[in-house]
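Close look at the chain arrangement
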There are 2 protein chains.
Amino acid sequence: MKARLNASRQRIIAAALGIMAEDGYAGCSVAAVAEQAGLATGSVYRHFPTKADLFAEVFRTASQREVDAVARAAALETTAAEQLAAVVETFAGRALQAPRLAYALLAEPVDPAVDAERLVFRRAYAELIAGHVAEGVASGELPPQDPDLTATALVGALAEAMVGPLAAGVAGPDTIPALIAFIHRALGVSP
Amino acid sequence: MKARLNASRQRIIAAALGIMAEDGYAGCSVAAVAEQAGLATGSVYRHFPTKADLFAEVFRTASQREVDAVARAAALETTAAEQLAAVVETFAGRALQAPRLAYALLAEPVDPAVDAERLVFRRAYAELIAGHVAEGVASGELPPQDPDLTATALVGALAEAMVGPLAAGVAGPDTIPALIAFIHRALGVSP
DNA sequence: TCAAGGATTGAATGGTGGTTCAATCCTTGC
DNA sequence: GCAAGGATTGAACCACCATTCAATCCTTGA
(Lines give C-alpha, C1' and ligand atoms only; values in the text may rest on other atoms or scores of the structure.)
Protein backbone atom coordinates (compact mmCIF):
# COMPACT_ATOMS: atom_id res chain seq x y z
CA MET A 1 0.00 0.00 0.00
CA LYS A 2 2.80 2.37 0.95
CA ALA A 3 4.49 1.20 -2.19
CA ARG A 4 1.39 1.79 -4.26
CA LEU A 5 1.08 5.30 -2.86
CA ASN A 6 4.65 6.07 -3.64
CA ALA A 7 4.24 4.63 -7.10
CA SER A 8 1.28 6.92 -7.71
CA ARG A 9 3.32 9.89 -6.67
CA GLN A 10 6.07 8.90 -9.06
CA ARG A 11 3.57 8.29 -11.84
CA ILE A 12 2.17 11.78 -11.37
CA ILE A 13 5.60 13.33 -11.63
CA ALA A 14 6.46 11.21 -14.63
CA ALA A 15 3.18 12.12 -16.29
CA ALA A 16 3.77 15.80 -15.69
CA LEU A 17 7.27 15.50 -17.13
CA GLY A 18 5.91 13.67 -20.15
CA ILE A 19 3.33 16.34 -20.86
CA MET A 20 5.89 19.08 -20.36
CA ALA A 21 8.21 17.39 -22.85
CA GLU A 22 5.33 17.15 -25.31
CA ASP A 23 3.28 20.31 -24.90
CA GLY A 24 5.19 22.37 -22.37
CA TYR A 25 3.91 23.76 -19.14
CA ALA A 26 0.98 25.24 -21.02
CA GLY A 27 -0.44 21.76 -21.60
CA CYS A 28 -0.11 20.76 -17.98
CA SER A 29 -3.56 21.19 -16.49
CA VAL A 30 -4.06 19.11 -13.38
CA ALA A 31 -6.74 17.15 -15.21
CA ALA A 32 -4.36 16.30 -18.05
CA VAL A 33 -1.64 15.18 -15.67
CA ALA A 34 -4.07 13.02 -13.73
CA GLU A 35 -5.40 11.38 -16.88
CA GLN A 36 -1.89 10.66 -18.14
CA ALA A 37 -1.05 9.15 -14.77
CA GLY A 38 -4.22 7.04 -14.85
CA LEU A 39 -5.80 8.72 -11.85
CA ALA A 40 -8.73 10.98 -11.15
CA THR A 41 -8.10 14.69 -10.92
CA GLY A 42 -8.78 14.80 -7.23
CA SER A 43 -6.25 12.10 -6.47
CA VAL A 44 -3.42 14.39 -7.42
CA TYR A 45 -4.28 16.38 -4.33
CA ARG A 46 -3.65 13.39 -2.10
CA HIS A 47 0.00 13.70 -3.08
CA PHE A 48 0.52 17.42 -3.59
CA PRO A 49 -1.23 20.26 -1.75
CA THR A 50 -1.35 22.50 -4.82
CA LYS A 51 -0.46 22.47 -8.47
CA ALA A 52 2.45 24.80 -7.78
CA ASP A 53 3.87 22.31 -5.28
CA LEU A 54 3.59 19.53 -7.79
CA PHE A 55 5.39 21.48 -10.46
CA ALA A 56 8.01 22.76 -8.10
CA GLU A 57 8.90 19.13 -7.55
CA VAL A 58 8.68 18.32 -11.24
CA PHE A 59 11.06 21.17 -12.03
CA ARG A 60 13.37 20.11 -9.23
CA THR A 61 13.48 16.54 -10.52
CA ALA A 62 14.04 17.48 -14.12
CA SER A 63 16.61 20.10 -13.23
CA GLN A 64 18.54 17.75 -11.03
CA ARG A 65 18.70 15.25 -13.82
CA GLU A 66 20.09 17.88 -16.18
CA VAL A 67 22.59 19.26 -13.73
CA ASP A 68 23.77 15.77 -12.86
CA ALA A 69 24.31 14.86 -16.49
CA VAL A 70 26.32 18.00 -17.05
CA ALA A 71 28.32 17.50 -13.86
CA ARG A 72 29.10 13.92 -14.83
CA ALA A 73 30.31 14.95 -18.28
CA ALA A 74 32.48 17.71 -16.87
CA ALA A 75 34.02 15.41 -14.27
CA LEU A 76 35.47 13.23 -17.03
CA GLU A 77 37.74 16.06 -18.18
CA THR A 78 40.92 17.34 -16.63
CA THR A 79 41.53 20.95 -17.62
CA ALA A 80 39.08 23.75 -16.90
CA ALA A 81 38.85 24.48 -20.62
CA GLU A 82 37.83 20.90 -21.36
CA GLN A 83 35.50 20.75 -18.40
CA LEU A 84 33.63 23.83 -19.53
CA ALA A 85 33.52 22.66 -23.11
CA ALA A 86 31.89 19.50 -21.78
CA VAL A 87 29.40 21.59 -19.85
CA VAL A 88 28.36 23.44 -22.98
CA GLU A 89 28.23 20.35 -25.13
CA THR A 90 26.17 18.38 -22.68
CA PHE A 91 23.84 21.21 -21.77
CA ALA A 92 23.20 22.24 -25.34
CA GLY A 93 23.13 18.72 -26.70
CA ARG A 94 20.52 17.59 -24.19
CA ALA A 95 18.46 20.71 -24.73
CA LEU A 96 18.35 20.08 -28.46
CA GLN A 97 17.36 16.44 -27.87
CA ALA A 98 14.31 17.54 -25.87
CA PRO A 99 13.63 21.08 -27.02
CA ARG A 100 10.13 21.47 -25.67
CA LEU A 101 11.18 20.34 -22.22
CA ALA A 102 14.28 22.51 -22.32
CA TYR A 103 12.22 25.51 -23.25
CA ALA A 104 9.81 24.83 -20.41
CA LEU A 105 12.65 24.50 -17.92
CA LEU A 106 14.51 27.54 -19.17
CA ALA A 107 12.11 30.15 -20.34
CA GLU A 108 8.45 29.29 -20.64
CA PRO A 109 6.06 31.50 -18.68
CA VAL A 110 5.07 29.61 -15.54
CA ASP A 111 3.44 30.16 -12.20
CA PRO A 112 5.61 32.41 -10.00
CA ALA A 113 6.05 29.70 -7.39
CA VAL A 114 7.43 27.41 -10.06
CA ASP A 115 9.55 30.20 -11.45
CA ALA A 116 11.31 30.35 -8.12
CA GLU A 117 12.40 26.76 -8.65
CA ARG A 118 13.91 27.81 -11.94
CA LEU A 119 16.21 30.17 -10.07
CA VAL A 120 17.44 27.23 -8.04
CA PHE A 121 18.07 25.34 -11.26
CA ARG A 122 20.13 28.14 -12.73
CA ARG A 123 21.92 28.59 -9.46
CA ALA A 124 22.88 24.92 -9.46
CA TYR A 125 24.44 25.28 -12.89
CA ALA A 126 26.20 28.43 -11.81
CA GLU A 127 27.69 26.68 -8.80
CA LEU A 128 28.84 23.76 -10.87
CA ILE A 129 30.51 26.08 -13.34
CA ALA A 130 31.93 28.29 -10.61
CA GLY A 131 33.67 25.28 -9.11
CA HIS A 132 35.48 24.47 -12.33
CA VAL A 133 36.33 28.11 -12.91
CA ALA A 134 37.73 28.49 -9.40
CA GLU A 135 39.93 25.44 -9.89
CA GLY A 136 41.15 26.81 -13.20
CA VAL A 137 41.99 30.12 -11.60
CA ALA A 138 43.73 28.45 -8.66
CA SER A 139 45.88 26.32 -10.94
CA GLY A 140 46.79 29.31 -13.06
CA GLU A 141 45.11 27.91 -16.14
CA LEU A 142 42.63 30.82 -16.13
CA PRO A 143 43.32 34.47 -15.37
CA PRO A 144 42.11 35.94 -12.05
CA GLN A 145 38.35 36.59 -11.97
CA ASP A 146 35.29 36.30 -9.75
CA PRO A 147 34.28 32.70 -10.45
CA ASP A 148 30.73 33.29 -9.31
CA LEU A 149 30.09 36.25 -11.56
CA THR A 150 31.72 34.47 -14.49
CA ALA A 151 29.59 31.41 -13.83
CA THR A 152 26.36 33.38 -13.54
CA ALA A 153 27.08 35.26 -16.73
CA LEU A 154 27.93 32.04 -18.55
CA VAL A 155 24.68 30.44 -17.46
CA GLY A 156 22.82 33.42 -18.86
CA ALA A 157 24.82 33.32 -22.06
CA LEU A 158 24.18 29.61 -22.51
CA ALA A 159 20.47 29.91 -21.83
CA GLU A 160 19.99 32.91 -24.07
CA ALA A 161 21.94 31.35 -26.89
CA MET A 162 19.78 28.23 -26.68
CA VAL A 163 16.38 29.89 -26.49
CA GLY A 164 16.49 31.02 -30.11
CA PRO A 165 17.35 27.58 -31.54
CA LEU A 166 14.89 25.93 -29.17
CA ALA A 167 12.07 28.20 -30.31
CA ALA A 168 13.02 27.72 -33.95
CA GLY A 169 13.22 23.96 -33.46
CA VAL A 170 16.69 23.62 -34.92
CA ALA A 171 20.20 24.88 -34.31
CA GLY A 172 22.85 25.27 -36.93
CA PRO A 173 25.50 22.54 -36.62
CA ASP A 174 28.10 25.16 -35.70
CA THR A 175 26.13 26.68 -32.83
CA ILE A 176 27.74 24.48 -30.22
CA PRO A 177 31.36 24.91 -31.37
CA ALA A 178 30.81 28.65 -31.66
CA LEU A 179 29.43 28.72 -28.13
CA ILE A 180 32.43 26.80 -26.85
CA ALA A 181 34.74 29.28 -28.54
CA PHE A 182 32.83 32.15 -26.96
CA ILE A 183 32.99 30.62 -23.54
CA HIS A 184 36.70 29.88 -23.80
CA ARG A 185 37.32 33.50 -24.67
CA ALA A 186 35.08 34.63 -21.79
CA LEU A 187 37.04 32.46 -19.38
CA GLY A 188 40.35 33.76 -20.67
CA VAL A 189 41.56 30.36 -21.88
CA SER A 190 44.81 31.05 -23.64
CA PRO A 191 44.76 29.91 -27.28
CA MET B 1 -11.65 65.72 -28.28
CA LYS B 2 -9.08 63.92 -30.41
CA ALA B 3 -6.50 65.37 -28.07
CA ARG B 4 -8.40 64.20 -25.01
CA LEU B 5 -8.65 60.71 -26.48
CA ASN B 6 -4.98 60.60 -27.21
CA ALA B 7 -4.22 61.93 -23.76
CA SER B 8 -6.29 59.12 -22.21
CA ARG B 9 -4.37 56.58 -24.20
CA GLN B 10 -1.09 58.02 -22.98
CA ARG B 11 -2.39 58.16 -19.42
CA ILE B 12 -3.26 54.49 -19.59
CA ILE B 13 0.21 53.56 -20.77
CA ALA B 14 1.81 55.78 -18.16
CA ALA B 15 -0.39 54.31 -15.45
CA ALA B 16 0.53 50.78 -16.51
CA LEU B 17 4.21 51.69 -16.50
CA GLY B 18 3.85 53.25 -13.07
CA ILE B 19 2.21 50.18 -11.62
CA MET B 20 4.78 47.93 -13.24
CA ALA B 21 7.58 49.98 -11.73
CA GLU B 22 5.87 49.73 -8.34
CA ASP B 23 4.36 46.25 -8.15
CA GLY B 24 5.46 44.57 -11.34
CA TYR B 25 3.27 42.96 -13.94
CA ALA B 26 1.57 41.01 -11.20
CA GLY B 27 -0.08 44.19 -9.90
CA CYS B 28 -1.35 45.21 -13.30
CA SER B 29 -5.00 44.19 -13.39
CA VAL B 30 -6.97 46.15 -15.91
CA ALA B 31 -9.01 47.60 -13.06
CA ALA B 32 -5.90 48.83 -11.28
CA VAL B 33 -4.52 50.43 -14.42
CA ALA B 34 -7.83 52.13 -15.12
CA GLU B 35 -8.09 53.49 -11.61
CA GLN B 36 -4.52 54.80 -11.70
CA ALA B 37 -5.32 56.48 -15.01
CA GLY B 38 -8.50 57.97 -13.61
CA LEU B 39 -10.85 56.06 -15.89
CA ALA B 40 -13.41 53.32 -15.59
CA THR B 41 -12.31 49.78 -16.29
CA GLY B 42 -14.33 49.57 -19.47
CA SER B 43 -12.77 52.70 -20.92
CA VAL B 44 -9.45 50.96 -21.29
CA TYR B 45 -11.10 48.88 -23.97
CA ARG B 46 -11.86 51.97 -26.04
CA HIS B 47 -8.12 52.28 -26.52
CA PHE B 48 -6.84 48.70 -26.56
CA PRO B 49 -8.66 45.64 -27.82
CA THR B 50 -7.24 43.38 -25.11
CA LYS B 51 -5.04 43.55 -22.07
CA ALA B 52 -2.30 41.76 -23.97
CA ASP B 53 -2.35 44.46 -26.64
CA LEU B 54 -2.08 47.14 -24.01
CA PHE B 55 0.89 45.51 -22.36
CA ALA B 56 2.57 44.70 -25.64
CA GLU B 57 2.58 48.43 -26.23
CA VAL B 58 3.70 49.17 -22.69
CA PHE B 59 6.61 46.77 -23.05
CA ARG B 60 7.45 48.19 -26.45
CA THR B 61 7.51 51.73 -25.11
CA ALA B 62 9.56 50.92 -22.05
CA SER B 63 11.96 48.72 -24.00
CA GLN B 64 12.51 51.30 -26.67
CA ARG B 65 13.36 53.85 -24.02
CA GLU B 66 15.95 51.50 -22.53
CA VAL B 67 17.50 50.49 -25.81
CA ASP B 68 17.68 54.11 -26.91
CA ALA B 69 19.45 55.15 -23.74
CA VAL B 70 21.98 52.37 -24.14
CA ALA B 71 22.49 53.11 -27.84
CA ARG B 72 23.02 56.80 -27.09
CA ALA B 73 25.61 56.04 -24.42
CA ALA B 74 27.47 53.63 -26.69
CA ALA B 75 27.49 56.09 -29.56
CA LEU B 76 29.53 58.53 -27.50
CA GLU B 77 32.47 56.14 -27.44
CA THR B 78 34.96 55.33 -30.14
CA THR B 79 36.49 51.88 -29.61
CA ALA B 80 34.44 48.72 -29.44
CA ALA B 81 35.80 48.07 -25.95
CA GLU B 82 34.58 51.46 -24.74
CA GLN B 83 31.29 51.16 -26.55
CA LEU B 84 30.52 47.83 -24.92
CA ALA B 85 31.59 49.05 -21.53
CA ALA B 86 29.12 51.89 -21.99
CA VAL B 87 26.43 49.38 -22.91
CA VAL B 88 27.00 47.45 -19.69
CA GLU B 89 27.20 50.53 -17.52
CA THR B 90 24.06 52.08 -18.92
CA PHE B 91 22.04 48.91 -18.99
CA ALA B 92 22.98 47.84 -15.49
CA GLY B 93 22.89 51.33 -14.05
CA ARG B 94 19.37 51.96 -15.30
CA ALA B 95 18.19 48.55 -14.17
CA LEU B 96 19.44 49.21 -10.66
CA GLN B 97 17.70 52.60 -10.62
CA ALA B 98 14.33 50.97 -11.34
CA PRO B 99 14.72 47.38 -10.23
CA ARG B 100 11.08 46.35 -10.15
CA LEU B 101 10.53 47.64 -13.66
CA ALA B 102 13.74 46.05 -14.89
CA TYR B 103 12.70 42.73 -13.42
CA ALA B 104 9.31 42.98 -15.10
CA LEU B 105 10.89 43.79 -18.45
CA LEU B 106 13.55 41.11 -18.18
CA ALA B 107 12.24 38.13 -16.36
CA GLU B 108 8.87 38.36 -14.63
CA PRO B 109 6.30 35.78 -15.70
CA VAL B 110 3.88 37.47 -18.09
CA ASP B 111 1.18 36.64 -20.57
CA PRO B 112 2.66 34.78 -23.56
CA ALA B 113 1.63 37.52 -25.97
CA VAL B 114 3.56 40.01 -23.87
CA ASP B 115 6.45 37.61 -23.57
CA ALA B 116 6.80 37.76 -27.33
CA GLU B 117 7.43 41.47 -27.03
CA ARG B 118 10.23 40.69 -24.62
CA LEU B 119 11.98 38.68 -27.31
CA VAL B 120 11.88 41.76 -29.52
CA PHE B 121 13.41 43.74 -26.68
CA ARG B 122 16.27 41.31 -26.24
CA ARG B 123 16.74 41.09 -29.97
CA ALA B 124 17.05 44.87 -30.16
CA TYR B 125 19.83 44.81 -27.59
CA ALA B 126 21.52 41.96 -29.40
CA GLU B 127 21.45 43.84 -32.67
CA LEU B 128 22.83 46.95 -31.08
CA ILE B 129 25.67 44.97 -29.54
CA ALA B 130 26.25 42.94 -32.69
CA GLY B 131 26.78 46.17 -34.61
CA HIS B 132 29.54 47.32 -32.31
CA VAL B 133 31.12 43.87 -32.26
CA ALA B 134 31.07 43.64 -36.06
CA GLU B 135 32.80 47.02 -36.33
CA GLY B 136 35.41 45.95 -33.81
CA VAL B 137 36.07 42.77 -35.74
CA ALA B 138 36.24 44.63 -39.04
CA SER B 139 38.75 47.13 -37.68
CA GLY B 140 40.89 44.38 -36.19
CA GLU B 141 40.30 45.57 -32.63
CA LEU B 142 38.53 42.29 -31.84
CA PRO B 143 39.42 38.77 -32.94
CA PRO B 144 37.27 37.06 -35.59
CA GLN B 145 33.94 35.79 -34.24
CA ASP B 146 30.27 35.54 -35.10
CA PRO B 147 29.04 38.94 -33.91
CA ASP B 148 25.47 37.76 -33.63
CA LEU B 149 26.23 34.79 -31.41
CA THR B 150 28.53 36.89 -29.26
CA ALA B 151 25.87 39.55 -28.94
CA THR B 152 23.13 37.08 -28.05
CA ALA B 153 25.30 35.44 -25.45
CA LEU B 154 26.26 38.79 -23.98
CA VAL B 155 22.62 39.82 -23.68
CA GLY B 156 21.95 36.62 -21.80
CA ALA B 157 24.98 37.14 -19.60
CA LEU B 158 23.97 40.70 -18.79
CA ALA B 159 20.39 39.80 -18.03
CA GLU B 160 21.30 36.81 -15.90
CA ALA B 161 23.91 38.74 -13.98
CA MET B 162 21.36 41.43 -13.21
CA VAL B 163 18.45 39.21 -12.17
CA GLY B 164 20.13 38.19 -8.93
CA PRO B 165 20.88 41.72 -7.77
CA LEU B 166 17.45 42.88 -8.93
CA ALA B 167 15.72 40.19 -6.91
CA ALA B 168 17.94 40.88 -3.90
CA GLY B 169 17.31 44.60 -4.22
CA VAL B 170 20.96 45.55 -4.19
CA ALA B 171 24.10 44.92 -6.19
CA GLY B 172 27.59 45.07 -4.84
CA PRO B 173 29.40 48.17 -6.04
CA ASP B 174 31.86 46.04 -7.96
CA THR B 175 29.26 44.13 -9.93
CA ILE B 176 29.37 46.51 -12.85
CA PRO B 177 33.17 46.69 -13.19
CA ALA B 178 33.38 42.93 -12.87
CA LEU B 179 30.79 42.55 -15.60
CA ILE B 180 32.72 44.89 -17.84
CA ALA B 181 35.86 42.85 -17.28
CA PHE B 182 33.96 39.68 -18.11
CA ILE B 183 32.56 41.13 -21.28
CA HIS B 184 35.89 42.45 -22.43
CA ARG B 185 37.37 39.00 -22.02
CA ALA B 186 34.43 37.47 -23.85
CA LEU B 187 34.94 39.86 -26.75
CA GLY B 188 38.63 39.15 -26.87
CA VAL B 189 39.66 42.72 -26.09
CA SER B 190 43.45 42.61 -25.78
CA PRO B 191 44.62 43.80 -22.33
C1' DT C 1 -30.41 76.07 -26.56
C1' DC C 2 -30.78 71.56 -28.14
C1' DA C 3 -30.68 67.07 -30.12
C1' DA C 4 -27.35 63.47 -32.13
C1' DG C 5 -23.69 60.61 -31.58
C1' DG C 6 -19.84 59.24 -29.55
C1' DA C 7 -17.39 58.67 -24.93
C1' DT C 8 -17.70 56.87 -20.31
C1' DT C 9 -19.25 54.21 -16.71
C1' DG C 10 -18.97 50.09 -13.63
C1' DA C 11 -21.72 46.38 -12.43
C1' DA C 12 -22.79 42.04 -14.60
C1' DT C 13 -21.03 38.28 -17.48
C1' DG C 14 -18.38 34.35 -18.69
C1' DG C 15 -14.60 31.24 -19.26
C1' DT C 16 -10.94 29.03 -17.31
C1' DG C 17 -8.97 25.74 -14.48
C1' DG C 18 -7.48 24.88 -9.73
C1' DT C 19 -9.61 22.88 -5.75
C1' DT C 20 -13.02 20.43 -2.88
C1' DC C 21 -15.94 16.72 -1.05
C1' DA C 22 -19.66 13.39 -0.51
C1' DA C 23 -20.11 8.99 -2.36
C1' DT C 24 -17.77 4.76 -3.56
C1' DC C 25 -14.26 1.41 -3.67
C1' DC C 26 -10.27 -1.20 -1.76
C1' DT C 27 -7.18 -2.88 1.43
C1' DT C 28 -6.22 -4.67 5.85
C1' DG C 29 -6.36 -6.59 10.38
C1' DC C 30 -9.35 -9.28 13.22
C1' DG D 1 -15.72 -13.18 5.98
C1' DC D 2 -16.28 -8.66 7.48
C1' DA D 3 -16.32 -4.12 9.27
C1' DA D 4 -13.18 0.11 9.70
C1' DG D 5 -10.51 3.39 7.72
C1' DG D 6 -8.15 5.20 4.28
C1' DA D 7 -7.75 5.77 -0.94
C1' DT D 8 -10.10 7.13 -5.11
C1' DT D 9 -13.38 9.21 -7.90
C1' DG D 10 -15.04 13.07 -10.83
C1' DA D 11 -18.57 16.19 -11.02
C1' DA D 12 -19.56 20.45 -8.74
C1' DC D 13 -17.69 24.53 -6.81
C1' DC D 14 -15.54 28.81 -6.67
C1' DA D 15 -12.31 32.63 -7.25
C1' DC D 16 -10.34 35.39 -10.17
C1' DC D 17 -10.27 38.78 -13.68
C1' DA D 18 -10.60 39.98 -18.50
C1' DT D 19 -14.28 41.49 -21.14
C1' DT D 20 -18.90 43.35 -22.31
C1' DC D 21 -22.88 46.41 -22.60
C1' DA D 22 -27.03 48.97 -21.45
C1' DA D 23 -27.50 53.20 -19.22
C1' DT D 24 -25.65 57.78 -18.68
C1' DC D 25 -22.95 61.73 -19.58
C1' DC D 26 -20.55 65.07 -22.61
C1' DT D 27 -19.20 67.35 -26.55
C1' DT D 28 -20.33 69.49 -30.71
C1' DG D 29 -22.39 71.56 -34.64
C1' DA D 30 -26.46 73.97 -35.94
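Residues numbered from 1 in each chain as written. Chains lettered and ligands numbered in written order. Predicted model: local features only at pLDDT ≥ 70, side-chain atom pairs only at ≥ 80, totals over all residues. Heavy atoms only, no water.

1. What to know about the interface of chain B and chain A
Tallying the contact residues gives 27 residues for chain B and 26 residues for chain A. Between chain B and chain A, a total of about 2000 Å² is buried, with carbon and sulfur atoms accounting for 68% of that surface. Of all residues in chain B, Leu149(B), Glu160(B) and Arg185(B) give up the largest surface area on contact with chain A, accounting jointly for 32% of the area buried on that side. As a salt-bridge pair, Arg122(A) and Glu160(B) come within 2.2 Å of each other at their nearest N and O atoms. Taken together, the links from chain B to chain A amount to seven residue pairs in polar contact (both at pLDDT 80 or more). Secondary-structure elements contributing two or more residues to the side of chain B that touches chain A are helix H7 (112-138), helix H8 (147-168) and helix H9 (175-187) of chain B. (Contact = heavy atoms within 4.5 Å. Buried area = accessible area lost by both parts, 1.4 Å probe. Salt bridge = Lys/Arg side-chain N within 4 Å of Asp/Glu carboxyl O. Polar contact = N/O pair within 3.5 Å; in protein donor to acceptor, adjacent residues only side chain to side chain. Helix = DSSP H or I, 4+ residues; strand = E, 2+ residues; numbered from the N terminus.)

2. Brief notes about the domain arrangement of chain A
Residue and element names in this part refer to chain A. Per the domain assignment, the segments making up chain A are domain 1 (1-48) and domain 2 (51-187). Taking the mean C-alpha position of each, domain 1 and domain 2 sit 27 Å from one another. If you look at the interface, domain 1 gives 19 residues, while domain 2 gives 19 residues. Roughly 1500 Å² is buried in total at the junction of domain 1 and domain 2, and carbon and sulfur atoms are behind 73% of that figure. Contact with domain 2 buries surface across domain 1, with Leu17, Met20 and Tyr25 losing the most and accounting together for 44% of the total. Summed over the shared surface of domain 1 and domain 2, the number is one salt bridge. Inspection of the domain 1/domain 2 interface yields five residue pairs in polar contact (both at pLDDT 80 or more). Those elements that provide at least two residues to the side of domain 1 that touches domain 2 are helix H1 (2-23), helix H2 (30-37) and helix H3 (44-47). With nine residues, H1 is the single largest residue contributor to the side of domain 1 that touches domain 2. Its residues assigned to classes, the side of domain 1 that touches domain 2 comprises 14 nonpolar, two polar and three charged. (Domains from an automatic or database assignment. Nonpolar A, V, L, I, M, F, W, Y, C, P; charged D, E, K, R; others polar.)

3. Looking at helix H4 (residues 51-75) of chain B
With 25 residues, H4(B) should reach 36 Å at 1.5 Å per residue; the first-to-last C-alpha distance of 36 Å fits that figure. One side-chain oxygen of the residue at the start of H4(B) lies 3.2 Å from the amide nitrogen of Ala52(B), identifying that residue as Thr50(B). (Expected span 1.5 Å × (residues − 1).)

4. Digging into the protein's contact with DNA strand D
Around DNA strand D sit 16 residues, and of these Ala40(A), Ser43(A), Arg46(A), Tyr45(B) and Lys51(B) come closest. For DNA strand D, the backbone makes up 75% of the atoms found within 4 Å of the protein, where backbone means sugar plus phosphate. At 3.1 Å from a phosphate oxygen of DNA strand D is found a main-chain nitrogen or oxygen belonging to Val30(B). The contact in question runs from a phosphate oxygen of DNA strand D to an N or O atom on the side chain of Tyr45(B), over 2.8 Å. When its residues are assigned to classes, the surface near DNA strand D shows six nonpolar, seven polar and three charged. (Near = heavy atom within 4 Å.)

5. Some remarks on the protein's contact with DNA strand C
Around DNA strand C, 16 residues are found, and the nearest of them are Tyr45(A), Lys51(A), Ala40(B), Ser43(B) and Arg46(B). When the atoms of DNA strand C within 4 Å of the protein are grouped by moiety, sugar and phosphate amount to 76% of the total. Residue Val30(A) places a main-chain N or O atom 3.0 Å away from a phosphate oxygen belonging to DNA strand C. Tyr45(A) is positioned such that a nitrogen or oxygen atom in its side chain is 2.7 Å from a phosphate oxygen of DNA strand C. Split into classes, the residues belonging to the surface near DNA strand C amount to six nonpolar, seven polar and three charged.

6. Section: the packing of helix H9 (residues 175-187) of chain A against H8(B)
Contact pair H9(A) / H8(B): the axes reach a minimum separation of 10 Å and the direction vectors enclose 60°. Comparing their axes, H8(B) and H9(A) come out oblique. H9(A) and H8(B) meet at a crossing whose hand is right-handed. In this structure, H9(A) contributes Ala178(A), Leu179(A), Phe182(A) and Arg185(A) to the contact, and H8(B) contributes Leu149(B), Thr150(B), Ala153(B) and Leu154(B). Tallied by class, the residues present in the contact of H9(A) with H8(B) amount to six nonpolar, one polar and one charged. (Axes fitted to C-alpha atoms, helices over the stretch in contact; angles between N-to-C directions. Parallel < 35°, antiparallel > 145°, perpendicular 65-115°, else oblique. Left-handed = near helix turned anticlockwise from the far one by under 90°.)

7. Considering the environment of Gly136(A)
Residue and element names in this part refer to chain A. Checked against the element boundaries, Gly136 lands in helix H7 (residues 112-139). Residues Gly136 and Gln83, spaced 53 residues apart in sequence, show a C-alpha to C-alpha distance of 9.8 Å. When neighbours within four sequence positions are excluded, Gly136 is seen to be in contact with Ala80, Glu141 and Leu142.

8. Regarding the pattern of salt bridges
All names here are of chain A. This model, assessed by the stated rule, comprises 16 salt bridges over all chains. Of the charged contacts in the structure, one is a salt bridge between Arg100 and Glu108, with a shortest N-O distance of 3.4 Å. Arg100 sits in the partly exposed class, given a relative accessible area of 27%. For Glu108, a relative accessible area of 5% translates into the label buried. Connected through salt bridges with shared partners, the residues Arg123, Glu127 and Asp148 form a single ionic network. (Buried < 20%, exposed > 50% of the residue type's maximum accessible area, 1.4 Å probe, protein only.)

9. Remarks on the relation of the copies chain B and chain A
For the pair of chain copies, the relating operation is a rotation around an axis with a shift along it. The two copies are related by a screw motion: chain B maps onto chain A through a turn of 179° and a shift of 0.1 Å along the axis, at an RMSD of 0.2 Å. Those values place the two copies in the arrangement expected of a two-fold rotation axis. Ranked by how close their C-alpha atoms come to the rotation axis, the residues of chain B are headed by Ala186(B), at 1.7 Å. The fraction of interface residues of chain B whose copies in chain A are also interface residues reaches 93%, indicating that both copies meet through the same surface. (Least-squares fit on C-alpha atoms with pLDDT ≥ 70 in both.)

10. As for the environment of Arg11(A)
Residue and element names in this part refer to chain A. In this fold, Arg11 is placed in helix H1. Linking Arg11 and Ile183, residues 172 residues apart in sequence, is a C-alpha distance of 39 Å. The residues touching Arg11, leaving out its near neighbours within four places in the chain, are Ala37, Gly38 and Leu39. Here Ala37 takes part through its backbone oxygen, which lies 2.9 Å from a polar atom of the side chain of Arg11.

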